[in-house]
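Understanding the architecture of this molecule
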Amino acid sequence: MSFSKEEEKDAMPFDRITGRVRGSVNMIDIERNVEWVEVSGRWSRMSVMGTSLSSEVLAVENQGEKDDRIIIFMIPGNPGNDGFYTDFGRRLIRNLIAREERLGHRRVNFLFYTLSHLNHVLLPPALRCSNTHKVNERFSLGDQLQHKLDFVKEYLPRGNRVYMFGHGAGAYMLLSILPYIKDDFNLRKAVCLFPTIERMNESPNGIRLRKVVSTLRQNDWLARTLSFWVDLMPESLKRRIISMKLTSDQTSPELVDSISELLHMHVFRNIVHLCNDELDKIGTLDETLLFHKNLIYFYYGKNDGWCPIEQGEQMSERLTRGHVVLEKDNVEHSFVFRDAATMAEKVMQFIV
């Protein structure tokens with residue numbers, strides 16, 4: 001069966017021009033600002049989305065009784081590109097606004113913040129002259145979590161309520177920095193989605209990949225060689241090839257761009273370097289990560305190759321009822337690719 005261009009366009013689940021999801025509960029415009037900010041001397045790409053992104057709305061300081069901002073901060077997994085979470089964040093904000101309207105609540109401003117990992121997005125040429133941050137530098141797990149701590153303290157608004165999410169290894173980063181930030185915000189929940197926080201090298205994916213990434217780390221010339229030839233490919237060609245490999249519900253411009261950005265040599269080397277460090281350091285569960293049990297929530301996937309459901313069952317014995325959700329559907333660990341809409345519905349339970 002073939003479709004005309006108009007029919008094919010109408011069949012698409014979202015509009016590539018406006019970024020709106022067709023058939024969603026509302027068609028509210030969600031703005032998105034992307035900028036490079038300096039975090040402790042290192043340039044980092046930050047993304048923020050909301051219905052209004054005026055300077056007043058984005059002010060870091062709490063605005064007292066009139067502050068109507070609810071801040072949602074997402075720490076990415078690995079790869080750590082902020083663009084991967086655009087569709088998810090956009091859908092989540094729309095869902096939350098629709099819920100507020102349905103319940104007749106006072107209108108509030110939802111802001112969704114995401115921060116890329118250091119050098120998981122290629123530095124723009126104009127920023128490559130920094131003396132403290134080189135485009136070819138590789139950063140460890142410790143570097144990346146310190147980076148998130150510095151960003152939160154310097155740039156994240158102290159809104160009316162704050163919710164923080166960590167995805168995959170981003171959950172490990174979130175729990176690690178939690179003791180240092182919980183008193184600076186009206187932090188309601190720290191939510192770990194598909195949390196890679198223990199026995200990473202024993203997981204099915206860890207067992208399968210550890211030899212590969214270890215070889216690439218020990219032979220950096222090989223990682224450089226593998227990614228060098230892709231680096232030479234024109235960006236337009238990269239995007240075209242990526243779009244061909246994605247299904248119609250995966251072809252958001254931000255997703256295609258984010259995948260394309262991973263294919264740069266220095267970015268690829270950082271992804272490999274971080275994965276190796278995670279496999280080395282995320283071993284037996286560090287019980288100190290669970291110190292603030294009243295704030296911590298977990299969401300485990302049924303068929304997760306990085307954090308098997310058995311870990312979720314064990315975690316549910318450590319925390320009080322309601323703090324651990326064991327997912328019953330087949331949502332993937334990398335939910336941003338196929339299951340962004342599903343997860344945008346499921347995480348609403350944590351934001352109240």
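This structure is a prediction, so every number in the text was calculated from the model and none was measured.

Overview of the overall build of the chain
Summing up its helical and strand segments, the chain has 12 helices and 8 strands in all. Relative to its full complement of 352 residues, the chain shows a buried share of 55%. Residue pairs in contact within the chain that sit at least 24 positions apart in sequence constitute 76% of those at least 6 positions apart. Of the roughly 16200 Å² that the chain leaves accessible, carbon and sulfur atoms contribute 52%.

Points about the environment of Ile351
With respect to the helices and strands, the residue Ile351 is situated in the segment after helix H12 (340–346). Considered as a pair, Ile351 and Leu96 are 255 residues apart in the sequence and their alpha carbons are 8.4 Å apart. Once residues within four sequence positions are removed from consideration, Ile351 is found in contact with Ile72, Leu92, Leu96, Arg99, Tyr163 and Phe165.

Examining the pattern of salt bridges
Opposite charge on two side chains lets them pair, provided their charged atoms get close. Scanning the model with the defined rule gives 15 salt bridges in all. Here Arg42 and Glu137 are joined by a salt bridge, their closest N and O atoms 4.0 Å apart. Taken together, the positions of Arg42 in strand E2 (residues 42–50) and Glu137 in the loop between strand E4 (109–115) and helix H3 (141–155) put the pair 95 residues apart, joining distant regions of the chain. Here Glu198 and Arg199 are joined by a salt bridge, their closest N and O atoms 2.9 Å apart.

Quick word on the nonpolar core
Ranked by internal contacts, the top residues of the largest apolar core, which has 94 residues, are Phe88, Leu92, Met164, Phe165, Leu193 and Phe298. No other element matches the 8 residues that helix H4 (residues 169–181) contributes to this core. Setting aside residues no more than four positions away along its own chain, Phe298 makes contact with Leu175, Cys192, Pro195, Ile197, Leu290, Met315, Leu319, His323, Val324 and Val325.

Comments concerning the pairing of E2
Burial of E2 is extensive: 7 of the 9 residues sit out of reach of the surface. In this sheet, E2 lies alongside strand E1 (residues 31–39) in antiparallel orientation, the contact comprising 9 bridges. Looking at E2, one finds that Asn33 is bridged to Val48. Adjacent in sequence and paired antiparallel, E1 and E2 are bridged by 2 residues, among which Ser40 carries a positive phi angle near 50°. Taken together, the 4 bridges between E2 and E4 define a ladder with antiparallel strand orientation. Each residue of the ladder has a partner; that of Met46, found in E4, is Leu115.

Section: the packing of H3 against H4
At a minimum axis distance of 9 Å, the contact between H3 and H4 shows a crossing angle of 45°. By the angle between their directions, the pair H3 and H4 is classed as oblique. Along this stretch, H3 crosses H4, giving a crossing that reads as right-handed. Contact with H3, carried on its side by Leu141, Gln144, Leu145, Lys148, Leu149, Val152 and Lys153, involves Tyr172, Met173, Ser176, Ile177, Tyr180 and Ile181 of H4 and no other residues of that element. Within the contact of H3 with H4, the residues separate by chemical class into 9 nonpolar, 2 polar and 2 charged.

Some details on the packing of aromatic side chains
Scanning the model with the defined rule gives 10 aromatic pairs in all. Ring centres of Phe88 and Phe335 lie 5.1 Å apart, and the angle between their planes is 70°; this geometry places the pair in the edge-to-face category. Of the two residues, Phe88 sits in helix H2 (residues 86–103) while Phe335 sits in helix H11 (residues 335–338), which places them 247 residues apart along the sequence. Its relative accessible area of 1% is what places Phe88 among the buried residues. By way of ring pairs, the aromatic residues Tyr85, Phe88, Phe112, Phe194, Tyr299 and Phe335 are connected into one cluster. A cation over a ring is seen here: Lys189 above Tyr297, with NZ or CZ 4.8 Å from the ring centre.

Remarks on the pairing of strand E7 (residues 296–300)
In terms of burial, E7 is a largely internal element, 5 of the 5 residues being buried. Alternating residues of E7 divide into Ile296, Phe298 and Tyr300 and Tyr297 and Tyr299, and every residue in both groups is buried. Two elements, strand E6 (residues 187–193) and E7, share 4 bridges in a ladder whose sense is parallel. Within E7, the residue paired with Ala190 across the bridge is Ile296.

As for the sheet that holds E2
With mixed pairing, the 8 strands of this open sheet are ordered in space as E1-E2-E4-E3-E5-E6-E7-E8. Since the sheet does not close on itself, it has two edges, and those belong to E1 and strand E8 (324–326), each with one partner. Along the sheet, successive strands turn relative to each other by an average axial angle of 20°, direction set aside. Taken together, the 6 bridges between strand E5 (residues 161–167) and E6 define a ladder with parallel strand orientation. Residue pairing across strands places His167 opposite Leu193, the latter belonging to E6. Sheet strands in contact with H4 are strand E3 (69–75), E5, E6 and E7, and its direction is about 145° off that of E5.

Criteria and thresholds
Residues numbered from 1 in each chain as written. Predicted model: local features only at pLDDT ≥ 70, side-chain atom pairs only at ≥ 80, totals over all residues. Heavy atoms only, no water. Helix = DSSP H or I, 4+ residues; strand = E, 2+ residues; numbered from the N terminus. Buried < 20%, exposed > 50% of the residue type's maximum accessible area, 1.4 Å probe, protein only. Contact = heavy atoms within 4.5 Å. Areas by Shrake-Rupley, 256 points an atom, 1.4 Å probe, with all protein chains shown as cover. Salt bridge = Lys/Arg side-chain N within 4 Å of Asp/Glu carboxyl O. Core = buried A, V, L, I, M, F, W, Y, C linked by side-chain atoms within 4.5 Å. Pairing = 2+ DSSP bridges. Axes fitted to C-alpha atoms, helices over the stretch in contact; angles between N-to-C directions. Parallel < 35°, antiparallel > 145°, perpendicular 65-115°, else oblique. Left-handed = near helix turned anticlockwise from the far one by under 90°. Nonpolar A, V, L, I, M, F, W, Y, C, P; charged D, E, K, R; others polar. Phe/Tyr/Trp six-rings, centres within 6.5 Å; stacked < 30°, edge-to-face > 60°. Lys NZ or Arg CZ within 6 Å of the ring centre and 35° of its normal.

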